[in-house]
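# Observations on the model geometry
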Amino acid sequence: QVQLVESGGGLVQAGSSLRLSCAASGRTFSMAWFRQAPGKEREFVAGVNWGSGRTYYADSVKGRFTISRDNAKNTVYLQMNSLQPEDTAVYYCAARRTATIAYQAESYDNWGQGTQVTVSS
């Protein structure tokens with residue numbers, strides 16, 4: 001079981017930036033960020049194939065968010081720019097032991113505790 005520890009959430013104004021970090025205790029093959037707003041289902045935000053570095057994004061964040069990884073630190077980052085109130089949610093890091101990125105939350109075996117991101121208008 002891989003342990004995931006997130007950090008970097010907070011309260012910001014619209015148009016601001018935040019960077020989330022997720023440190024994994026062991027090797028994974030693909031990692032992703034999901035988010036869940038109150039009353040809504042958990043949704044895919046971005047993912048990265050650990051080996052190839054290929055990245056994937058939800059249409060709602062494409063061009064504003066960037067996912068990246070640091071192999072040496074077993075850490076994945078989510079740089080979020082031009083934040084909007086609709087980005088407000090709890091953001092979760094997830095990992096799975098297959099190289100294929102999945103867009104469904106149930107496809108991931110390991111989850112972090114979540115970090116709150118609140119964007120005020």
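Residues numbered from 1 in each chain as written. Predicted model: local features only at pLDDT ≥ 70, side-chain atom pairs only at ≥ 80, totals over all residues. Heavy atoms only, no water.

Let us look at the nonpolar core. In this structure, Met31, Trp33, Val76, Leu78, Met80 and Tyr91 are the most contacted members of the largest nonpolar core, which totals 38 residues. Breaking this core down by element, the ones donating at least two residues are β3 (18-24), β4 (30-36), β5 (43-49), β6 (55-57), β7 (65-70), β8 (75-80), β9 (89-96) and β11 (115-120). Per-element tally for this core: the top contributor is β9, with five residues. Ignoring sequence-local partners within four residues, the contact set of Leu78 consists of Leu18, Arg19, Leu20, Trp33, Val45, Ala46, Phe65, Thr66, Ile67 and Tyr91. (Core = buried A, V, L, I, M, F, W, Y, C linked by side-chain atoms within 4.5 Å. Buried < 20%, exposed > 50% of the residue type's maximum accessible area, 1.4 Å probe, protein only. Helix = DSSP H or I, 4+ residues; strand = E, 2+ residues; numbered from the N terminus. Contact = heavy atoms within 4.5 Å.)

The antiparallel open sheet is built from four strands, whose spatial order is β1-β3-β8-β7. Of all strands in the sheet, those with a lone pairing partner are β1 (4-7) and β7, marking the two edges. Here the strands of the sheet are splayed against their neighbours by 15 degrees on average, with no regard to which way each runs. Bridge count between β1 and β3: four bridges; the pairing is antiparallel. Residue pairing in the sheet places Leu4 in a bridge with Ala24 of β3. (Pairing = 2+ DSSP bridges. Axes fitted to C-alpha atoms, helices over the stretch in contact; angles between N-to-C directions.)

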